[in-house]
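Letter by letter, the chains look like this.
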Amino acid sequence: MSIENVRKIAVIGAGTMGHGIAEVAAIAGYEVWIHDIADEFLKNAMDKIQWSLQKLISKSVVREDLNTVLSRIHTSTDLEEVARGADFVIEAIPEKLDLKREVFAKLDEYTPPHAILATNTSSLPITEIAEATKRPDKVVGMHFFNPPPLMPLVEIIKGKDTSDLTVRATFELSKKFGKQPVVVNKDVPGFIVNRILARFMNAACWYVKQGKATVVEVDSAIKYKLGFPMGAFELADYSGIDIFHLVAKAMGERGYRGDPCPLFEEKYQAGEYGVKSGKGFYEYPSPGKYSKPNIPKDAGEKVNELEIIAPAINEAAWLLRENIATRDDIDKACELGLGYPKGVLKIADDYGIDAVVETLRKMKEETGREEYNPDPLLVKMVEEEKIGRKTGIGFYEYGKVEEKKLENLILRFEPPIAWVILNRPHRLNALTMELLKELNNTLDELEEREDIRVLIITGAGRAFSAGADVTAFMGVTPFKAAIFSRRFQEITVKLEYYTKPVIMALNGFTLGGGMEIALCGDFRIASELAMVGQPEINLGIMPGAGGTQRMARLIGASKAKEVIYTGDMIPAPEAHKLGIVDKVVPPEKLEDEARKLALKLAEKPPLGLLAAKYSIQFGLETNIWTGLAIEAGYFGLLFSTDDFIEGVTAFMEKRKPKFKGK
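Residues numbered from 1 in each chain as written. Predicted model: local features only at pLDDT ≥ 70, side-chain atom pairs only at ≥ 80, totals over all residues. Heavy atoms only, no water.

Undergrad: Any chance you could explain the pairing of strand β2 (residues 31-35) here in plain terms?
TA: Side-chain direction in a regular strand flips from residue to residue, so the side chains alternate between the two faces of the sheet. Pairing of strand β1 (residues 8-12) with β2, which is carried by five bridges, proceeds in the parallel orientation. Bridge pairing in β2 places Val11 opposite Ile34. Considered for its hand, the β-α-β crossover made up of β1, helix α1 (residues 16-27) and β2 is right-handed. (Pairing = 2+ DSSP bridges. Helix = DSSP H or I, 4+ residues; strand = E, 2+ residues; numbered from the N terminus. Right-handed = clockwise from strand over helix to strand, strands pointing away.)

Here it is as structure tokens:
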């Protein structure tokens, strides 16, 4: 079935996932019918959809009128009415296999023969659900993440009989929904995300159970050494210890091998589920009321974080070796489904696959647990010396790479490219004076290096930079704020007139001061998931590092006023239409696209690029006659360079020029 022919989408189940999926489908322009067993459930779902839509519209994530989107959503307690004429069905009822099989048998009877039947299950086997129908080739897993309107990942799971055509259509529909799909080629318990998460959570739990560290110490290492958004125990409390326990139990019943850490079982039996009960691994003000646990940055210094992430890497290697998912889909699932700053296979390359294997063997020796046996793929890679960045090849290929970690930045030297990575992922790379000072000094150092010809600036985790760290502004006087603005402006001017090309790779939230930095690049390449904007007006202030000037020069005064006056977050595709970003690519392609452009620029004459850049930049600040004079001056000057002679000689000899910047 061609996805272009999909008109009616049926969602079965109006709970948290069901109404969220229905909202996503309606936003994408589809006619949506929701079914549940009682009118009160459907009314509650519509109330929540309306509330969510109002939020998304207020932030300009959704551009259509509220009533227009709502008019596409219909509800009914009559399953046959909902299913009749549906082209695509997404089931989101409770995780009970018998109940799902019963519903799918009815859907098979009520829907047209061409309809695809998808299940949003997070742990149950697609194959067993499909057996309840006469069309197992058209039954597929379509696992959304909570909350569906905000979480970008969708796992598409192929059952034993699911056809490639069904998988392709589901993939295309996910893209139409504005999601980032990954394909699970085999129907294994936990699919990608839950399998990797289970290994990670269990390893963290055993680290505490064995007395190696406390809960706070382990969570500190996870947040500040690995750079994950939450610690393992913090995440368990936030999401619900009961959910983690039951999902892990369901996976174990279906063949997932592992030795569950008893701490989760103990908390579950005690009714200490985390935030929802007021107590879990941490304590909270009252049931359902969240307060951020106190996890000091230096608490995890003695924790060996590789012992916590190595089992997850091992699981990912198994998924890859068994052809359950591709390398890129595994890492995409980690980044988008779990919020990791990078996928576990990239993390393996950073630490060294030899170190991962050694750690796993040590853990196996200490505990005797079979799941710590290093996967044969990892062992083979070590034997072949494909151990990651240090050898130039691991799960990914690298050039000659050197990495240097500063307090707030990571510098990656990949001559002729240098990567400057804003590295405060736990704070969405919020800008502080310390970070800006490091950036300023780094720009000076890189300018002096002859082997570096192009800079790429990006962010760690799910943000480029969400702006200035607002907590640093509390109690700041107007005079000190003006000083901060001027110092920040000095850095943005340095970036804008940098003597080497600068590419901004916008990997996520690019807001406020982060947007002002991005505006200074020669090029802005954005992930499809990036959100850009100047939200300062919502704090009672305005951009203070050149945003009012550069945005207007980039997209015109009228559009710039709209961006700055409203303070709205703008999705990357719309930012592209406005001219704020130059290119939008899938998140897994962002680094490659930035590198590709950087390498292309690095082949050009450095002096020629600098002269062209200054001619354009200075010309924009003056009249056409002065601009033409600047251009003529630089044009003439370039005729005196060795690069000009090399360029002409190479042209005559029909070879590629080798420019040296002289």
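Here the narrative resumes, following the displayed structure.
Undergrad: Whenever I open this one, the side chain of Glu91 confuses me. Can you help?
TA: Secondary-structure assignment places Glu91 in strand β4 (residues 88-91). Residue classification places Glu91 among the buried positions, given a relative accessible area of 0%. Side-chain polar atoms of Glu91 contact the side chain of Lys100, separated by 2.4 Å. Setting aside residues up to four positions removed in sequence, Glu91 forms contacts with Ile12, Lys100, Phe104, Ala118, Thr119 and Asn120. (Buried < 20%, exposed > 50% of the residue type's maximum accessible area, 1.4 Å probe, protein only. Polar contact = N/O pair within 3.5 Å; in protein donor to acceptor, adjacent residues only side chain to side chain. Contact = heavy atoms within 4.5 Å.)

Undergrad: Looking at this structure, how should I read the pattern of salt bridges?
TA: Pairing between side chains of opposite charge can happen when the charged atoms of each approach one another. Tallying each qualifying case throughout the model produces 51 salt bridges. Here Glu217 ties to Lys302 by a salt bridge, and the two come within 3.8 Å at their closest N and O atoms. Here Glu217 is found in helix α9 (residues 215-224), whereas its partner Lys302 is found in the loop between α12 (262-269) and α13 (306-321), with 85 residues between them in sequence. Classification of Lys302 as exposed rests on a relative accessible area of 58%. Linking Glu490 and Arg486 is a salt bridge whose minimum nitrogen-to-oxygen distance equals 2.5 Å. Of the two residues, Glu490 and Arg486 are both situated in helix α19 (residues 478-496); the distance of four residues between them amounts to about one turn of the helix. Residue Glu490 is classed as partly exposed on the basis of its relative accessible area of 44%. One salt-bridge network, held together by shared partners, links Lys212, Glu307, Lys362 and Glu366. (Salt bridge = Lys/Arg side-chain N within 4 Å of Asp/Glu carboxyl O.)

Undergrad: Mind showing me how you'd approach the nonpolar core here?
TA: Most often, soluble globular proteins keep nonpolar side chains buried together rather than apart. If you look at the biggest cluster of nonpolar residues, it comprises 93 residues, and the most contacted ones within it are Ile196, Phe200, Ile309 and Val344. Contacts of Ile196, omitting those with residues within four sequence positions, involve Ala312, Glu315, Ala316, Leu319, Ile330, Cys334, Leu338 and Val344. One finds Val420, Leu435, Phe488 and Val502 within the second-largest nonpolar core, a separate group that totals 42 residues. (Core = buried A, V, L, I, M, F, W, Y, C linked by side-chain atoms within 4.5 Å.)

Undergrad: Help me out: how do you make sense of a nonpolar patch on the surface in this one?
TA: A cluster of nonpolar residues, Phe635, Phe639, Phe644, Ile645, Val648, Phe651 and Met652, forms a patch on the protein surface that exposes about 770 Å² of accessible area. Among the elements that take part in the nonpolar patch, helix α27 (residues 642-652) stands out by supplying five residues, more than any other. Counting through the fold element by element, Met652 comes out in helix α27. Here Met652 falls in the exposed class, since its relative accessible area comes to 62%. (Patch = residues over 30% accessible without salt bridge, like charges linked within 9 Å, V, L, I, M, F, W, Y side chains within 5 Å. Areas by Shrake-Rupley, 256 points an atom, 1.4 Å probe, with all protein chains shown as cover.)

Undergrad: Would you mind going over a negative patch on the surface with me for this structure?
TA: Together, Asp78, Glu80, Glu81 and Glu109 make up a region of like negative charge exposed at the surface. Residue position: Asp78 is located in the loop between β3 (73-76) and α4 (79-83). (Lys, Arg positive; Asp, Glu negative; His and termini not counted. Charge placed at Lys NZ, Arg CZ, Asp CG, Glu CD.)

Undergrad: Explain the packing of aromatic side chains here, please?
TA: Summed over the entire model, instances satisfying the criterion amount to 16 aromatic pairs. Ring plane angle 75 degrees and centroid distance 5.9 Å describe the contact between Tyr30 and Phe177, whose orientation is recorded as edge-to-face. Of the two residues, Tyr30 is situated in the loop between α1 and β2 and Phe177 in the loop between α7 (164-176) and β8 (180-184); the sequence distance between them amounts to 147 residues. Its relative accessible area of 8% is what places Phe177 among the buried residues. One aromatic cluster is present, built from ring pairs that chain together Tyr30, Phe144 and Phe177. The positively charged end of Lys267 is found above the aromatic ring belonging to Phe281, 5.5 Å away from the centroid. Sitting above the plane of the Phe413 ring, Arg449 keeps its charged end 4.3 Å from the centroid. (Phe/Tyr/Trp six-rings, centres within 6.5 Å; stacked < 30°, edge-to-face > 60°. Lys NZ or Arg CZ within 6 Å of the ring centre and 35° of its normal.)

Undergrad: Got a minute to help me understand the sheet that holds β1 in this structure?
TA: Note: strands within a sheet are paired through backbone hydrogen bonds, in either parallel or antiparallel orientation. Strands sit in the order β3-β2-β1-β4-β5-β6-β7-β8 across an open sheet of eight strands; the sheet is mixed. Edge positions in the sheet fall to β3 and β8, since each has one partner strand and no second. Averaged over all neighbouring strand pairs, the angle between strand axes comes to 25 degrees, with direction disregarded. Bridge analysis of strand β7 (residues 153-158) against β8 gives five bridges, and the strand direction is parallel. Bridging from a neighbouring strand, Val154 pairs with Pro181 of β8. (Axes fitted to C-alpha atoms, helices over the stretch in contact; angles between N-to-C directions.)

Undergrad: What is the right way to read helix α22 (residues 557-566) from this model?
TA: Since there are 3.6 residues in each turn of an α-helix, residues three or four apart along the chain are aligned in direction. Among all positions of α22, only Ala560, Val563 and Ile564 are buried. Looking straight down α22, one finds its buried side chains confined to an arc of 90 degrees; they lie on one side. The exposed set on the far side of α22, more than 90 degrees from its buried face, consists of Ser558, Glu562 and Tyr565. Phi for Gly567, located one or two positions after α22, is positive at around 70 degrees. (Arc of directions from axis to C-beta.)

Undergrad: Looking at this model, I keep getting lost on the sheet that holds strand β13 (residues 463-465). Mind explaining?
TA: Here we have four strands laid out as an open sheet, ordered β13-β15-β17-β18, and mixed in their pairing. Both edges of this open sheet fall to β13 and β18 (570-571), since each of them pairs with a single strand only. When β13 meets strand β15 (residues 509-511), the two strands line up parallel, connected through two bridges. Bridging from a neighbouring strand, Ser465 pairs with Thr510 of β15.

Undergrad: Any chance you could explain the state of the cysteines here in plain terms?
TA: Between two cysteines, a covalent bond joining their sulfur atoms is known as a disulfide. Counted under the stated rule, the structure contains one disulfide. In this model, Cys205 is linked to Cys261 through a disulfide, with the two sulfur atoms separated by 2.1 Å. With the S-S dihedral at roughly -60 degrees, the linkage between Cys205 and Cys261 falls on the left-handed side. Here Cys261 lies in the loop between α11 (241-253) and α12 and Cys205 lies in helix α8 (residues 193-209), a separation of 56 residues in the sequence. (Disulfide = S-S within 2.5 Å.)

Undergrad: Sorry if this is basic, but what is going on with the side chain of Asn429 here?
TA: The residue Asn429 is located in the loop between β11 (417-422) and α18 (433-448) in this model. Looking at Asn429, the relative accessible area reads 0%, which means it is buried. Apart from residues no more than four positions distant in its own chain, Asn429 is found in contact with Leu422, Asn423, Arg424, Gly459, Ala460, Ala463, Phe464, Ser465, Ala466 and Gly467.

Undergrad: Please explain the packing of α8 against helix α10 (residues 232-239) as it appears in this structure.
TA: Helices that pack against each other are described as a pair by the angle of their axes relative to one another and the distance between those axes. Between α8 and α10, whose axes approach to 9 Å, the crossing angle comes to 115 degrees. Two packed elements cross with a definite hand, and for α8 against α10 that hand is left-handed. Along its contact with α8, which presents Leu197, Phe200, Met201, Ala204, Cys205 and Val208, the element α10 presents Ala232, Phe233, Leu235 and Ala236. Taken together, the residues of the contact of α8 with α10 break down into ten nonpolar, no polar and no charged. (Left-handed = near helix turned anticlockwise from the far one by under 90°. Nonpolar A, V, L, I, M, F, W, Y, C, P; charged D, E, K, R; others polar.)

Undergrad: Just to check I follow, could you spell out the pairing of strand β14 (residues 502-506) for this structure?
TA: Most of β14 sits inside the fold, with five of its five residues counted as buried. Relative to β14, strand β12 (residues 454-459) runs parallel, the two sharing three bridges. Opposite Ile456, over in β14, you have Ile503 as the bridge partner. When β14 meets strand β16 (residues 523-527), the two strands line up parallel, connected through four bridges. Bridge pairing links Met504 to Arg524 in β16.

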